[in-house]
Amino acid sequence: MNRIWIIVSLAPLSGLPAPSAPPCQRLERAGTQIQGEVKICPGRYRLPDPTEKGVIIIAASRSRLDLTGVTIESGDSTSSRFVGIGIVSRGVDRVEIVGGTVRGYRYGIRLEGGRGHLVSGTDVSGSRNQHLLSTPDSYNEQDWLDIFHPDTFDTYGSGLLLKWTDGATIIGITARNGQNGIGLFGARGSYLAENDVSSNTGWGIHLWQASHNTIVRNVASNNVRCESASYSHGCDSAGLLLRERSDSNFIADNDLTHSGDGFFLSGHRPLVQPSIGNLVIRNNATGAYHNAFESTFSAWNVFLENRADSSAYGFWLGYSTGNTVRGNTMVGTRIAGIAIEHGSDNEIAANVIIGGRMGIRLFAPQAGQEASTNYRVHDNTIARVTVGMSMEKTTHSKIRGNLFDAVGDGLTVDEAGSDAELSGNIFLRADRMFIRAPHLDAGGNFWGTANETATGSRVEGQVNLKPWRPASAAGY
């Protein structure tokens, strides 16, 4: 019996076309709904959205929108009139948006609700930008930003907004030359990294009721308004703004330079509730027009190893309690390195403050307000300032291990501060007085004079110097 063998080759046949990629989709009108994996055909689309329903509406969870090579714009050329939303999702999970340019809308991207979103590499610059009434020669107070009412978010707009989302990731987007870069409204667990939100007229990144977010390595510089050679107001502009119970955020390694404020945490009563438990570490807010770091009416925030050079104030922490300000650098602040009014239970330690009018100022100017009390001021280096440290109506404080060098006056204390514990400090050089105080026990400190008599000629008031120790005993 003859057998016939049939040989079947499993090798691919040459010359056959490769499987085709999924077709791209052209945009024809605003209100286009998509779901699944969608690639928009490369090109420029001019699509107004006057009803603000969204040019692209992502309508299903686990959708991926590829905008590589795509520009979507409203066509309006007047930024103060921009309306509409470039891309929007509402109540769906795991939306992914990649690449592209979206401009000329109130919001470039607005993601409401849902969890696990990802936006990467998208340029949402040129969003709505309020018309400023101030001119280089004349300031108009109507340009002041409203940091107290959440409904202003919807009016102001921003390049990207996360609203009541959970666990969103925003990486490598650009949101410049608008009023606001990235907004987090009620967003939790977000990860914002390596975004460029600089050169806006309001806020680079702003938070409202936004907690447990990680904000790292972003460029949020030159976010400023109400500044000219004729006036300086800032109008509450900031590189990074936190308000209304924006708690337990991790904020590290961001460029917040040359903004109205670099970092601004506001808990202004009665309109805005405190934001607590934030860790702010290794950020650079050099060159702020006003405060490099401001944290008001809030508690238990930690500032570590930040740069706050060449600003009006390095740190302004009015009405704050339980804060830690440690290991920061303030060179050339114009008014004060650290200033806290009506604060309590704060730790100020191991900071370097060089240049300016005042190193540290603790004070309580308003009768009937919270007491200024229970400070721990340890191991700071304060040099080349007019006044090293001033305590005004401040009680029960421990001042230990600080270095005062090349100052006008080292330490000034009023009667309320006579109970201060002052020990182990090094008063090296002072142009005028080491200490000015009505009554103070300053025994156990180190002095840059030849003997106790010489030190006595450089203190004003009833100041006890015993036991007297030379600075050389501390290694100077």
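For the structure, check the block above.
No experiment lies behind these values; they were computed from the predicted model shown. (Residues numbered from 1 in each chain as written. Predicted model: local features only at pLDDT ≥ 70, side-chain atom pairs only at ≥ 80, totals over all residues. Heavy atoms only, no water.)

Take the pairing of strand 29 (residues 352–363) next. In this sheet, strand 29 lies alongside strand 26 (residues 329–331) in parallel orientation, the contact comprising three bridges. Each bridged residue has a counterpart across the sheet, and for M330 the counterpart in strand 29 is I353. Note: strand 27 (residues 336–341) against strand 29, five bridges, orientation parallel. From the neighbouring strand, I338 faces strand 29, where its bridge partner is I360. Pairing of strand 29 with strand 32 (residues 381–392), which is carried by nine bridges, proceeds in the parallel orientation. By the bridge assignment, I360 is partnered in strand 32 with M389. (Pairing = 2+ DSSP bridges. Helix = DSSP H or I, 4+ residues; strand = E, 2+ residues; numbered from the N terminus.)

In this section: the nonpolar core. Membership of the largest hydrophobic core comes to 88 residues, with the highest contact counts inside it found for I56, L65, L67, I97, F263 and I435. The biggest single contributor to this core is strand 32, with four residues. In this structure L67 touches I40, I56, I72, I87, I97, V98, G99, G100 and V102, once residues within four positions along its chain are discounted. Formed by 15 residues, the second largest nonpolar core is a distinct cluster that contains I57, Y107, L145 and W208. (Core = buried A, V, L, I, M, F, W, Y, C linked by side-chain atoms within 4.5 Å. Buried < 20%, exposed > 50% of the residue type's maximum accessible area, 1.4 Å probe, protein only. Contact = heavy atoms within 4.5 Å.)

You can see S298 is positioned in the loop between strand 22 (291–296) and strand 23 (302–304). From its side chain, S298 meets the backbone oxygen of T296 in a polar contact 3.0 Å long. Ignoring any residue separated from it by four or fewer positions in sequence, one finds S298 in contact with L265, G267, P274, S275, Y319, S320, T321 and N323. (Polar contact = N/O pair within 3.5 Å; in protein donor to acceptor, adjacent residues only side chain to side chain.)

Attention now moves to the sheet that holds strand 3 (residues 43–46). Whether parallel or antiparallel, the strands of a sheet pair through hydrogen bonds between backbone atoms. The three strands are arranged 3-6-9 in an open sheet whose pairing can be described as parallel. Across the chains shown, the open sheet's two edge strands, defined by having one partner strand only, are strand 3 and strand 9 (101–103). Here the strands of the sheet are splayed against their neighbours by 10° on average, with no regard to which way each runs. With three bridges connecting them, strand 6 (residues 70–73) and strand 9 associate as parallel partners. When the sheet's bridge partners are listed, I72 is paired in strand 9 with V102. (Axes fitted to C-alpha atoms, helices over the stretch in contact; angles between N-to-C directions.)

With that out of the way, let us pick up the pattern of salt bridges. Under the counting rule described, the total for this entry stands at 26 salt bridges. One salt bridge connects D409 with R436, and the closest N-O pair in it is separated by 2.9 Å. Taken together, the residues span a long stretch of sequence, with D409 in strand 36 (residues 409–413) and R436 in strand 39 (residues 435–441) at a distance of 27 residues. Take R436: its relative accessible area is 23%, and that puts it in the partly exposed class. The structure contains a network of salt bridges with shared partners spanning R44, R46, E73 and R103. (Salt bridge = Lys/Arg side-chain N within 4 Å of Asp/Glu carboxyl O.)

So, on to the environment of N213. If you trace the backbone, N213 turns up in the loop between strand 16 (203–208) and strand 17 (214–216). Looking at N213, the relative accessible area reads 0%, which means it is buried. Once the C-alpha coordinates of N213 and L184 are considered, the two residues, 29 residues apart in sequence, prove to be 9.3 Å apart. For N213, the contacting residues outside a window of four places in its chain are L184, A187, R188, G189, S190, L207, S248, N249 and F250. Of note is the side chain of N213, whose polar atom sits 2.8 Å from the backbone nitrogen of S190.

Glancing now at the state of the cysteines. Throughout this description, disulfide means a covalent bond between two cysteine sulfur atoms. For the coordinates displayed, the defined rule picks out two disulfides. Here C24 connects covalently by a disulfide to C41, the sulfurs 2.0 Å from one another. Classification of the bridge connecting C24 and C41 rests on its S-S torsion, roughly 90°, and on that basis the disulfide is right-handed. A residue pair is termed long-range when its members are at least 10 positions apart, and C24 in the segment before strand 1 (32–34) and C41 in the loop between strand 2 (37–39) and strand 3 qualify at 17 residues. The disulfide that involves C226 links it to C235, with 2.0 Å between the sulfurs. (Disulfide = S-S within 2.5 Å.)

Turning our eyes to something else, we now look at the environment of A383. Along the chain, the position of A383 falls in strand 32. The exposure class of A383 is buried, given its relative accessible area of 12%. In this structure, the C-alpha to C-alpha distance between A383 and I353, residues 30 residues apart in sequence, is 6.4 Å. Excluding anything up to four places from it in sequence, A383 contacts I353, I354, G355, D405, A406 and V407.

In terms of burial, strand 22 is largely enclosed, as six of its six residues are buried. As paired strands, strand 20 (residues 261–266) and strand 22 are joined by four bridges and run parallel to one another. Across the sheet, F263 pairs through a bridge with F293, a residue of strand 22. Both strand 22 and strand 24 (residues 313–316) contribute to a ladder of three bridges, which runs parallel.

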